[in-house]
Amino acid sequence: MTNGSSRARSSGDQELLRDLGYEGADAQEIIDQLEALPVAERPRGLMASVVATALGLSDAAGREVELSLPQNKFYLSVAPFRDSTHECAYHSLTTCLGELRRQDVTVSVVDDSSGDPLEDGTRTTGDNGFLGIWLPRGITAELTCTVEDLSGTASISTQEEDDLTCLTSLQLR
């Protein structure tokens, strides 16, 4: 994916967004809406993936659209797990499934350079087992997730165009 315009560029792009019900929506709105949908209600035949700079959408008919993420924001989707996970680098909003679905998780994100908390509180994983976190670009941080008496920590980065948008290696112990 390139770092193109946040608007769809052709009539085919507009048609795909309109058919999905996302006409006029930006990348952040679409990501948030897809993550909130129960897995069974996500559009069939849609592939939606997030890289550090863009959201890519494509359908079974071969239509594609790419929307830039906001320049100052980075999207990280986290699937903390106890027993099973899958390898992933770039989050698929339509196919990635985590182990802990609809589970309360205490989440802490602390900026490495300043020590400031960027996220601190209890969140609930979605029906897909993931937590979506919008972070500032250009940071490194420590992410900690806690469920009941189990906890896991990972170093995260939002500095590079190849930084992970899907964190599936955070095991709770």
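Being a predicted model, the structure only gives us computed values, none of them experimental.

Engineer: What is the right way to read the overall build of the chain from this model?
Structural biologist: Each helix and strand in the chain was counted, giving two helices and ten strands. For a compact globule of 173 residues, the expected C-alpha radius of gyration is about 16 Å, and the chain comes in at 16 Å, within 12% of that figure. With the C-alpha coordinates aligned to their principal axes, the bounding extent of the chain is approximately 50 × 35 × 25 Å. Relative to all contacts within the chain whose residues are 6 or more apart in sequence, the contacts with residues 24 or more apart total 63%. Looking at the chain as shown, the accessible area adds up to about 8,600 Å², and 44% of this sits on carbon and sulfur atoms. When the 13 positive and 29 negative side-chain charges of the chain are each reduced to one mean point, those points stand 6 Å apart.

Engineer: Quick question: what am I supposed to make of the sheet that holds strand E9 (residues 150-157) here?
Structural biologist: Hydrogen bonds between backbone groups are what pair the strands of a sheet, and the pairing can be parallel or antiparallel. With antiparallel pairing, four strands are arranged side by side in an open sheet as E6-E5-E8-E9. Here the strands that pair on one side only, and so sit at the sheet edges, are strand E6 (117-124) and E9. Direction aside, the axes of adjacent strands within the sheet are offset by 15° on average. Relative to E6, strand E5 (residues 104-111) is paired through seven bridges, and the arrangement is antiparallel. When the bridges of E6 are listed, Thr 106 appears paired with Thr 122.

Engineer: Would you explain the packing of aromatic side chains in this entry?
Structural biologist: Each aromatic ring pair is described using two quantities: the centre-to-centre distance and the angle formed by the ring planes. The final tally for this structure, using the stated rule, is one aromatic pair. Ring plane angle 55° and centroid distance 4.8 Å describe the contact between Tyr 75 and Trp 134, whose orientation is recorded as tilted. Remark: Trp 134 occurs in strand E7 (residues 131-136) and Tyr 75 occurs in strand E4 (residues 73-78); sequence separation between them is 59 residues. Relative accessible area serves as the criterion here: at 1%, Tyr 75 is assigned to the buried category.

Engineer: Help me understand empty space enclosed by the protein, please; the structure alone is not making it clear to me.
Structural biologist: It is the rolling of a water-molecule-sized probe over the atoms that shows where space remains empty. Tallied over the entire structure, the rule returns one cavity of 30 Å³ or more. By volume, the largest cavity is sized at about 30 Å³. As for the largest cavity, its lining consists of Ala 79, Pro 80, Phe 81, Ser 84, Thr 85, His 86, Leu 97, Gly 98 and Glu 99. For the lining of the largest cavity, the residue count by class is four nonpolar, four polar and one charged.

Engineer: Can you help me understand the pattern of salt bridges in this one?
Structural biologist: A side chain with one charge can pair with a side chain of the opposite charge if their charged atoms come near. Inspection of the entire model under this criterion finds eight salt bridges. Arg 63 is the salt-bridge partner of Glu 15, the closest N and O atoms lying 2.9 Å from each other. Residue Glu 15 is found in helix H1 (residues 11-20), and its partner Arg 63 is found in the loop between strand E2 (54-58) and strand E3 (64-68); the two are separated by 48 residues along the sequence. Measuring nitrogen to oxygen at the nearest pair gives 2.6 Å for the salt bridge that ties Arg 63 to Asp 59. Judged by relative accessible area, Asp 59 falls into the buried class, the value being 17%. Each of Glu 15, Asp 19, Asp 59 and Arg 63 takes part in one network of salt bridges that share partners.

Engineer: How should I be thinking about unusual backbone geometry in this particular structure?
Structural biologist: Peptide bonds are trans in most cases, and residues, glycine excluded, mostly fall at negative phi. The backbone phi angle of Arg 102 is positive, close to 50°, even though this residue is not glycine. Of note, Arg 102 is situated in the loop between E4 and E5. Positive phi values are uncommon outside glycine, yet Glu 148 reaches one of about 55°. Mapping Glu 148 onto the fold places it in the loop between strand E8 (140-147) and E9. In this structure Glu 148 comes out as exposed when scored by relative accessible area, which is 64%.

Engineer: So what exactly am I meant to see when it comes to the nonpolar core here?
Structural biologist: Most often, soluble globular proteins have nonpolar side chains that are buried together. Counting 21 residues, the largest nonpolar core has Val 107, Leu 143, Cys 145, Ile 156 and Leu 167 as its most contacted members. Those elements that provide at least two residues to this core are E4, E5, E7, E8 and E9. With four residues, the top contributor of residues to this core is E8. Discounting chain neighbours no more than four positions away, the residues touching Ile 156 are Leu 76, Val 109, Leu 135, Ile 139, Thr 140, Ala 141, Leu 143 and Leu 167.

Cut-offs applied
- Residues numbered from 1 in each chain as written.
- Predicted model: local features only at pLDDT ≥ 70, side-chain atom pairs only at ≥ 80, totals over all residues.
- Heavy atoms only, no water.
- Helix = DSSP H or I, 4+ residues; strand = E, 2+ residues; numbered from the N terminus.
- Rg over C-alpha atoms; globule rule 2.2 N^0.38 Å.
- Contact = heavy atoms within 4.5 Å.
- Areas by Shrake-Rupley, 256 points an atom, 1.4 Å probe, with all protein chains shown as cover.
- Lys, Arg positive; Asp, Glu negative; His and termini not counted.
- Charge placed at Lys NZ, Arg CZ, Asp CG, Glu CD.
- Pairing = 2+ DSSP bridges.
- Axes fitted to C-alpha atoms, helices over the stretch in contact; angles between N-to-C directions.
- Phe/Tyr/Trp six-rings, centres within 6.5 Å; stacked < 30°, edge-to-face > 60°.
- Buried < 20%, exposed > 50% of the residue type's maximum accessible area, 1.4 Å probe, protein only.
- 1 Å grid on protein atoms, 1.4 Å probe; cavity = no way out; pocket = protein on both sides within 12 Å on 5 of 7 lines; lining within 4 Å.
- Points joined across faces, edges and corners; volume = space filled by probe spheres on them.
- Nonpolar A, V, L, I, M, F, W, Y, C, P; charged D, E, K, R; others polar.
- Salt bridge = Lys/Arg side-chain N within 4 Å of Asp/Glu carboxyl O.
- Core = buried A, V, L, I, M, F, W, Y, C linked by side-chain atoms within 4.5 Å.

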